[in-house]
Amino acid sequence: MGASLGELAVRFGCELRGDPQVRVDHVATLAGAQPGALAFLANPRYRGQLATTHASAVVLDAASVAAFSGAVLISANPYVTYARIAALLHPPAALPPGIHASALVDSTARVDPSAHVGAFAHIGAGAQVGPRAGIGPHCTLAEGVQLAADVQLVARVHLGPGVRVGERSVLQPGVVVGADGFGFAPERGRWVKVPQLGSVQIGADVEIGANTTVDRGAIEDTVIEEGVKLDNLIQIAHNVRVGAHTVIAACTGVSGSTSIGRRCVIGGSVGFAGHISIADDVVVSGFSMISRSIEHPGVYSSGIPFEEARIWRRMVAHFKRLGGYERRVRALERSVGLTAQKESDES
Amino acid sequence: MGASLGELAVRFGCELRGDPQVRVDHVATLAGAQPGALAFLANPRYRGQLATTHASAVVLDAASVAAFSGAVLISANPYVTYARIAALLHPPAALPPGIHASALVDSTARVDPSAHVGAFAHIGAGAQVGPRAGIGPHCTLAEGVQLAADVQLVARVHLGPGVRVGERSVLQPGVVVGADGFGFAPERGRWVKVPQLGSVQIGADVEIGANTTVDRGAIEDTVIEEGVKLDNLIQIAHNVRVGAHTVIAACTGVSGSTSIGRRCVIGGSVGFAGHISIADDVVVSGFSMISRSIEHPGVYSSGIPFEEARIWRRMVAHFKRLGGYERRVRALERSVGLTAQKESDES
Amino acid sequence: MGASLGELAVRFGCELRGDPQVRVDHVATLAGAQPGALAFLANPRYRGQLATTHASAVVLDAASVAAFSGAVLISANPYVTYARIAALLHPPAALPPGIHASALVDSTARVDPSAHVGAFAHIGAGAQVGPRAGIGPHCTLAEGVQLAADVQLVARVHLGPGVRVGERSVLQPGVVVGADGFGFAPERGRWVKVPQLGSVQIGADVEIGANTTVDRGAIEDTVIEEGVKLDNLIQIAHNVRVGAHTVIAACTGVSGSTSIGRRCVIGGSVGFAGHISIADDVVVSGFSMISRSIEHPGVYSSGIPFEEARIWRRMVAHFKRLGGYERRVRALERSVGLTAQKESDES
C-alpha cells in the first residue's frame, strides 16, 4: 500500500519539490503527522504548523512553498488534491456483492447481482437497485424505490414509496427521504390531512447527512438536483427544489414549495419561508431568516453575534425603545428647526 | 376507479358547474394537470394558472368561479374539499392483517388480528395493538406500549415504555417517542441523572413528522393532545403539554414543562423556554424566541428578516452602538433645553 | 419494595424530621402525590404546593422546612437527593445477559457474557462489548466499535466504524455517532468529497439524546469528554471537542473543529461557528449565535425576546432605519454645536 511522491505528482498533476522515491501510506494533520504521513495546508491559519510538522510530504499551494523545507506537492487547489490522495490511500472497505441472509427482498424487486444488501435490510415491491449499489444494515426501501448505480445507503436509511436516487449519491445513517409532507387543511378549528401523493427525486452525486429529512411532494415531486450536499439534521419540506451543487449546513429548515438555486452556499441553522425562490449563486450566512425571495446572487445575513449577557440585555432594551428614540430625535429636530431627513431604509 | 363530477359534488357537498358525467381519476396541480385530472385553487397566487390548466375540473371557491371557463366544483373550503377528493381517488395501499414472519412479538403482547405488523418489527412485553393498526417495518415498541385503533407507525418508529397513542394517529419514520427526558441535577460540577419515570400520552388524530422526538416525562407524562400536528425534526421535552389541534412547523424546540395551548399555530425554528405557559389560539411566527409566557391570543414574533450582508453588518454595528446613540440624544436634549421624554417600552 | 424514611436518611445523608418508620414506595410531584409517595422541592416556584401535597415525605432544603408540616428529608441539594432516591425506588428493569436469537454478531466481535444484545442488533467485525453493556433492539455497530462496561444503547443507535464509548454512557434511540463529517472541497463549481477518516471518542458517563448526531473526524477524532450531557436533535460536527461535564440543550449545532470547554452550560437552538474555541465555565443562553471564540467564563447571549407581531414589526422597521437615525443625530449635533461623542461599542 502507499504511494511514492513521484506517482502522486503524476497522477494528480502536482509539481513535486523533493525526492520522488519517498513513500507515504496515510494522511495526517500537520500537527499530528509522523513520518510516512502526507499532510496538507489549505486553511492559512494553520501555516505556522509547517515549521514543526513531521509529515513526509505536504500538499500546499505555490504561495506557501517557501514556508516549508520538506517535500511538497504543489497544487493550485491543495484541499481537492488532498481529498483525492486521501481517497487513494484510504479506500473504503469494499462491500461484498449479494444479499445478506437476514435481508428481506420482495420477490418483485430487482437487485443487481453486483449490489450489496446488508443485514435486516427490507426492500419493497417493485424496487430497483442498480449495479454496485450498497445498502447498509437496517435500511428500509418502500415499494417502487429506484437506486441508480453506485448509490450508497450507509445504514438505517428509510426511503418512502417511489423515491429515486441518482448515481453515486450517499445517504448517511438515519436519513428519511419520502415521509409525508406537512400538509393539513384547516376546517373549523381542526386539520384535515392532505394526501401526500408525490415522491422525491434525488440526483447524482448528492450527499445527505445523518438524520436529515426530505419530505415527499404533495402532488408533484420534491427535487434535490445533482451534486447537492446536505449536512445533518436538515429539514427539506414537500415540493422544495434544491438546485445543483448547492450545499446546506446542519440544522437548516426549508419550508414547502421553496426553490433554492444552483451553486448556493447555505449556512447552518438557517430558516427559509415557504413558496419563495432563491437565485443561483446565493450565499446565506448561518442563523439567517430568509423570509422572502432573493433575486440576485450575493451574500445575505440576519444573525446578530452574541455579547456578554449583561451588555446584550442593555442592547435589547435599547432596541425595544427605538420608537421612543425616534420620537425624541424628531422633537429635537423640531426644536432646533431642522427638517427631519427622509427616513432611509438602508442603514 | 375514478369518480364522476356529479358523484363528487353530492358526496362532498359542492355546487357543480359543468357536466356531471365527466370523470376524473387522479389529482394534479393546475400547472401540471392533464385531462382526467382534478386540480384545485386555494392559494390566490396561483389564480393565473386557471387560464391555461388542462385539468378536467377544478375545485375552487365562489369568488374564483369567474376566472375559469371549465368544469368547477365550488366549495367554501376548496383545500379541504380537494384533500377529501384526493384521499378518495388515491386511497393508501391497504396493509394486510397479520404479523410478518420476521417480526418479534412478545408472548405477553396483544395484537388485534386485524392489525398489521411489518418486517423486523419488535413488540415488547405487555404491549397492546388495536384494530387495524399498522406497524411498519423496523418499528420498536417497548414494554407496555398501547396503540389504539387505526394508528399508523409508518416505519422505524420507536416508542418507549408505556407510551400510549390514540386512534388514527400517524407517526412518520424515525420518530422517537418516550426517550428519557433531559434531566440532570448538578452536584459539585458534575451531573447526576434524574430517573425519567413518566411516559408519553398521544391523543387521537395526531400526526408526528419524521425524526421528531417527544421525551417521556420525569414523573408524570408528557402529553400531546388530540388533533395536534407536529412537523419533522421537532423536539418536545419532558412534561410538555401541547394542546389539542395545535400545529408546529419543523425544527422547533419546546423546553421542559412548558404548556402550549389549544389551536395554536407555531412556525418553524421557534424555541420555547421551559416552565412557561402559552394561551390558546396563539400564533408564533417562524424563528421566534419565546422566552416567557403568553397570556392572550394573538400573533407573536422575534425574527428579523435578512438583508444583503454588507447592509446587515452596518445595521448590526448600529445596533451594538445604541447605548451611545441614546447618550447623544440625551446630551442634545440637555443642550437645547428639552426634557427627555419618558422612555417607552413600546416602539 | 419501598424504603423507610429512616433508611433513606441514613443512606443519603439527610436530616429527617418525622417518623423514621414511615415508608415510601414511589416518587411523585408535590401536586400529584398520594400517600406512600415521596416528593421533592427544588424549584421555589412550586413552594406553594407544600401546603396541599399528600406526599408521605418531601425532600427539601433547610430554608423550606418551615413551609411544610409533614415528614421531611432535609438535604443541601434536594434535587440530587431526590434523583438518588428515585433511582433506588424505581430501578430500571435489568436486561438479561446474552445475545438475542435474532441478533447478528460478527464472528470476530467480542461480547462480554454479561452483556445484553437485543433483537435485530447487528454487531460488526472486531467490535468489543464490555461487561454488563446493554445493546437495545435494532442497534447497529460497525466494525471496530468499542463499548466499555455498563454502556447502554437504548434502542436503534448507530455507531460507525471505530467509535469508542466510555463506561456507563447512555445513548438514546435514534442517535447516530460516527457518520461522515460534512467535508467537501470546492473545485470549479462542484464539490469533491473529502474522505472522513477519523472516528469518535465518547468518554465515560456521557448521555446523548434521541436523534442527536455526532460526526466522525476528518483525520483525527471527534471527542466528547466524560460527563457531557447532550440533549435531543443536536448536531456535533467533525473534529469538535466538547469538554468534560458540559451540557448542551436540544436543537443546538456545533460546526466543525470547534472546541467547547469544560463545565459549560449551552442553551437550546444555539449555533456555533466552526474553528472557534470556547473557554471553560461558559454559559450560553438559548438561541444565541456564537460566531467567534469566547476566552473568558461568563454568560453570553444573542437572542431577542418576542413581542406582539404588530409591535415587533415596528421595532424591526426602526432597526433597519438605524443608519438614518444616526445621521439625524449627527446633523442635530452639528446644528447645536455639540461635538459628536466618540461612538462606544458598548451599549
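Reading guide: rules and limits
Residues numbered from 1 in each chain as written. Chains lettered and ligands numbered in written order. Predicted model: local features only at pLDDT ≥ 70, side-chain atom pairs only at ≥ 80, totals over all residues. Least-squares fit on C-alpha atoms with pLDDT ≥ 70 in both. Pairing = 2+ DSSP bridges. Helix = DSSP H or I, 4+ residues; strand = E, 2+ residues; numbered from the N terminus. Core = buried A, V, L, I, M, F, W, Y, C linked by C-beta atoms within 7 Å. Buried ≥ 20, exposed ≤ 12 C-beta atoms within 10 Å, placed from the backbone. Contact = placed C-beta atoms within 7 Å. Axes fitted to C-alpha atoms, helices over the stretch in contact; angles between N-to-C directions. Parallel < 35°, antiparallel > 145°, perpendicular 65-115°, else oblique. Left-handed = near helix turned anticlockwise from the far one by under 90°. Nonpolar A, V, L, I, M, F, W, Y, C, P; charged D, E, K, R; others polar. Expected span 1.5 Å × (residues − 1). Domains from an automatic or database assignment.

**Q** Explanation requested: the relation of the copies chain A and chain C in the structure shown.
**A** What relates the two chain copies is a rotation about an axis together with a slide along it. At an RMSD of 0.0 Å, chain A and chain C line up after a rotation of 120° and a shift of 0.0 Å along the axis. What we have between these two chains is a three-fold relation.

**Q** Hey, could you run me through the sheet that holds strand β11 (residues 116-117) of chain B in this one?
**A** Within a beta sheet, neighbouring strands are joined by backbone hydrogen bonds and run either parallel or antiparallel to one another. If you trace the 12 strands from one edge of the open sheet to the other, you get β8(B)-β11(B)-β14(B)-β17(B)-β20(B)-β25(B)-β28(B)-β31(B)-β34(B)-β37(B)-β39(B)-β40(C), paired in mixed fashion. Each edge of the sheet is formed by a strand with only one pairing partner; in this case those strands are β8 (98-99) of chain B together with β40 (307-308) of chain C. In the sheet, strand β31 (residues 247-248) of chain B pairs with strand β34 (residues 265-266) of chain B via 2 bridges, with the strands oriented parallel. Across the sheet, the residue bridging to Val247 of chain B is Val265 of chain B, located in β34 of chain B.

**Q** What is the right way to look at the nonpolar core in this model?
**A** Grouped burial of nonpolar side chains is what soluble globular proteins tend to show. In this structure, Phe319 of chain A, Phe319 of chain B together with Phe319 of chain C are the most contacted members of the largest nonpolar core, which totals 243 residues. Ignoring any residue separated from it by four or fewer positions in sequence, one finds Phe319 of chain A in contact with Phe319 and Leu322 of chain B together with Ile304, Met315 and Phe319 of chain C.

**Q** Looking at this model, I keep getting lost on the sheet that holds strand β26 (residues 213-215) of chain C. Mind explaining?
**A** Read from one edge of the open sheet, 10 strands run β9-β12-β15-β18-β21-β26-β29-β32-β35-β38 (chain C), paired in parallel fashion. Looking along the sheet, the strands with just one partner apiece sit at the ends: β9 (104-105) and β38 (289-290) of chain C.

**Q** Explanation requested: the environment of Ile123 of chain B in the structure shown.
**A** All names here are of chain B. As for its placement among the helices and strands, Ile123 is situated in strand β12 (residues 122-123). Residue classification places Ile123 among the buried residues on the basis of 28 C-beta atoms within 10 Å. For the pair Ile123 and Val145, spaced 22 residues apart in the sequence, the C-alpha separation amounts to 8.5 Å. Ignoring any residue separated from it by four or fewer positions in sequence, one finds Ile123 in contact with Val105, Asp106, Ala109, Val111, Val117 and Leu141.

**Q** What am I meant to see in the packing of helix α4 (residues 322-336) of chain A against helix α4 (residues 322-336) of chain C here?
**A** At a minimum axis distance of 10 Å, the contact between α4 of chain A and α4 of chain C shows a crossing angle of 30°. Considering the angle they form, α4 of chain A stands roughly parallel to α4 of chain C. Remark: the crossing between α4 of chain A and α4 of chain C carries left-handed chirality. Contact residues: Tyr325, Glu326, Val329, Leu332, Glu333 and Val336 of chain A in α4 of chain A; Tyr325, Arg328, Val329, Leu332, Ser335 and Val336 of chain C in α4 of chain C. In terms of residue class, the contact of α4 of chain A with α4 of chain C is built from 8 nonpolar, 1 polar and 3 charged.

**Q** How should the interface of chain B and chain C be read in this particular structure?
**A** Size of an interface, as often reported, equals the accessible area lost when the parts are brought together. Across the contact, 66 residues belong to chain B and 71 residues belong to chain C. For the side of chain B that touches chain C, the secondary structure elements donating two or more residues are β21 (176-179), β22 (184-187), β23 (190-193), β26 (213-215), β38 (289-290), β39 (298-301), α3 (309-320) and α4 (322-336) of chain B. Counting residues per element, the side of chain B that touches chain C draws most heavily on α4 of chain B, which supplies 11 residues. The residue makeup of the side of chain B that touches chain C, split by class, is 30 nonpolar, 23 polar and 13 charged. When β39 of chain B meets β40 of chain C, the two strands line up antiparallel, connected through 2 bridges. Bridge pairing links Ser301 of chain B to Glu307 of chain C in β40 of chain C.

**Q** How should I be thinking about helix α2 (residues 78-89) of chain B in this particular structure?
**A** Because an α-helix completes one turn every 3.6 residues, residues spaced three or four positions apart along the sequence face the same direction. All names here are of chain B. Taking 1.5 Å per residue, 12 residues should reach 16 Å; α2 reaches 16 Å between its end C-alpha atoms and fits that length. In terms of residue burial, α2 counts as a mostly covered element, since 9 of its 12 residues are buried. The complete set of buried residues in α2 reads Pro78, Tyr79, Val80, Thr81, Tyr82, Ala83, Arg84, Ile85 and Ala86.

**Q** Help me out: how do you make sense of the domain arrangement of chain A in this one?
**A** Taken as a whole, chain A is organised into domain 1 (3-89), domain 2 (98-300) and domain 3 (311-342). Look at where the C-alpha atoms of domain 1 of chain A and domain 2 of chain A centre, and you get two points 36 Å apart.

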